[in-house]
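Coordinate analysis (summary)
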Amino acid sequence: MLNYIFIIISAAVLIAVIRMLKGPTPADRIVSLDTVTTIISSLLVVLALFFKNHIYLDISFVFAALSFTGVIVIARYLEGRG
Amino acid sequence: MIIINTLGYILIFLGTLFLFLGALGLLRMPDVYNRLQAGTKATTLGALSTIIGVGMVETDWFLKTLIIAIFILMTNPIGSHAIARAARLSRIAVDKITAQDKYQENYLNKKGSDQNASNF
């Protein structure tokens, strides 16, 4: 049951990474980065269910917080005003 | 108890489907702003559904998964708004299909060419 879910999530990450490689502007790449980090943050929660280990929930929370900070920092950098 | 378990697995599957559709919309849309719609809204719903579903399968973890879900629900629109503002301020053009651009008319063309960024 969970194997198919992992296959679908991996396909989603792959498609988003294709947009990150193709994207014509830097904003496309940031959008793709935001999408990939959200998808992987929910993949870590499913991994906690797969391994029956609740430490992955903490990893998912910290990953979501750090990816939010990274996206905000890159977006502020792209504005060009610091 | 078995009903809540099955409902949790159904929520996980639906959320995974929404995550895949969001990534597919990221590949298919014509413009940065349309990609932002697809890649943020659908992904937020999918992540929320998946995380709540895991919390319903393993009932002991429900509080922690609820905290993660509320955190993603709060921070994902902020990131989306910051990306859209940065894309518009760095003069990325709107695609011809979605040609209405009130932001350009009202704010960016009001006075001068380069000092107008300090308006907002």
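The rules behind each value
- Residues numbered from 1 in each chain as written.
- Chains lettered and ligands numbered in written order.
- Predicted model: local features only at pLDDT ≥ 70, side-chain atom pairs only at ≥ 80, totals over all residues.
- UniProt positions renumbered as here; feature names shortened; annotations may be inferred.
- Helix = DSSP H or I, 4+ residues; strand = E, 2+ residues; numbered from the N terminus.
- Buried ≥ 20, exposed ≤ 12 C-beta atoms within 10 Å, placed from the backbone.
- Contact = placed C-beta atoms within 7 Å.
- pLDDT = per-residue confidence, 0-100.
- Expected span 1.5 Å × (residues − 1).
- Nonpolar A, V, L, I, M, F, W, Y, C, P; charged D, E, K, R; others polar.

You'll find chain B entered in an unreviewed UniProt entry as Multicomponent Na+:H+ antiporter subunit G, with Halanaerobium kushneri given as the organism. Quoted verbatim from the Sequence similarities (unreviewed entry) field of the UniProt record, the comment on chain B reads "Belongs to the CPA3 antiporters (TC 2.A.63) subunit G family." For chain B, the Subcellular location (unreviewed entry) comment in UniProt is given as "Membrane".

The name given to chain A in an unreviewed UniProt entry is Membrane bound protein complex subunit mbxB, with the source organism recorded as Halanaerobium kushneri. Listed in UniProt under the heading Sequence similarities (unreviewed entry), the comment for chain A reads: "Belongs to the CPA3 antiporters (TC 2.A.63) subunit F family."

Here we take up the overall build of chain A. For chain A, the count of helices and strands is 3 helices and 0 strands. For chain A, the spread of C-alpha atoms along the three principal axes comes to 45 × 25 × 10 Å. Counting over 82 residues, chain A shows a buried share of 41%. Long-range contacts, defined as pairs at least 24 residues apart, comprise 40% of the intrachain contacts of chain A with a sequence gap of at least 6.

Residue and element names in this part refer to chain A. In the numbering adopted here, UniProt assigns the feature "transmembrane region" (unreviewed entry) to residues 6-21, 33-51 and 57-78. Within the segment residues 6-21, helix and strand shares are 100% and 0% respectively, and the terminal C-alpha atoms sit 22 Å apart. The span residues 33-51 is 100% helical and 0% strand by assignment, and the distance between its end C-alpha atoms comes to 26 Å.

Turning our eyes to something else, we now look at the environment of Ala64(A). For Ala64(A), the position within the fold is in helix α3 (residues 55-79). Ala64(A) gets classed as buried once you count the C-beta atoms within 10 Å, which come to 24. When the C-alpha positions of Ala64(A) and Ser42(A) are compared, they lie 9.2 Å apart, and in sequence the two are 22 residues distant. Those residues in contact with Ala64(A), other than ones at most four positions away along the chain, are Ser41(A), Ile68(B), Phe71(B) and Ile72(B).

Our next topic: the confidence of the model for chain B. Interpretation of this model should avoid reading the predicted coordinates in detail wherever pLDDT is low. All names here are of chain B. With 84% of its residues at a pLDDT of 70 or more, chain B has an overall mean of 84. Taken element by element, chain B is modelled with least confidence in helix α4 (residues 102-108), mean pLDDT 68, and with most confidence in helix α1 (residues 2-28), mean pLDDT 93. Contacts from residues 114-120, a stretch scored under 50 in pLDDT, to residues over four places away or in other chains number 8 contacts. Scored by ipTM, the complex comes to 0.90, with pTM at 0.84.

Here we come to α3(A). Each α-helix winds once per 3.6 residues, and so residues spaced three or four apart point in a common direction. Between its first and last C-alpha atoms α3(A) spans 37 Å; for 25 residues at 1.5 Å apiece the expected length is 36 Å, and the two agree. By the burial criterion, the buried members of α3(A) are Tyr56(A), Leu57(A), Ser60(A), Ala64(A), Ser67(A), Phe68(A), Val71(A), Ala75(A) and Leu78(A). Against α2 (26-51) of chain A together with α3 (62-89) of chain B lie the buried residues of α3(A). Remark: Gly80(A) follows α3(A) within two positions and exhibits a positive phi of approximately 85 degrees.

Between chain A and chain B, the residue contacts involve 39 residues of the former and 41 residues of the latter. Elements with a minimum of two residues in the side of chain A that touches chain B: α1 (2-22), α2 and α3 of chain A. It is α2(A) that provides the largest number of residues to the side of chain A that touches chain B, a total of 15 residues. Its residues assigned to classes, the side of chain A that touches chain B comprises 25 nonpolar, 9 polar and 5 charged.

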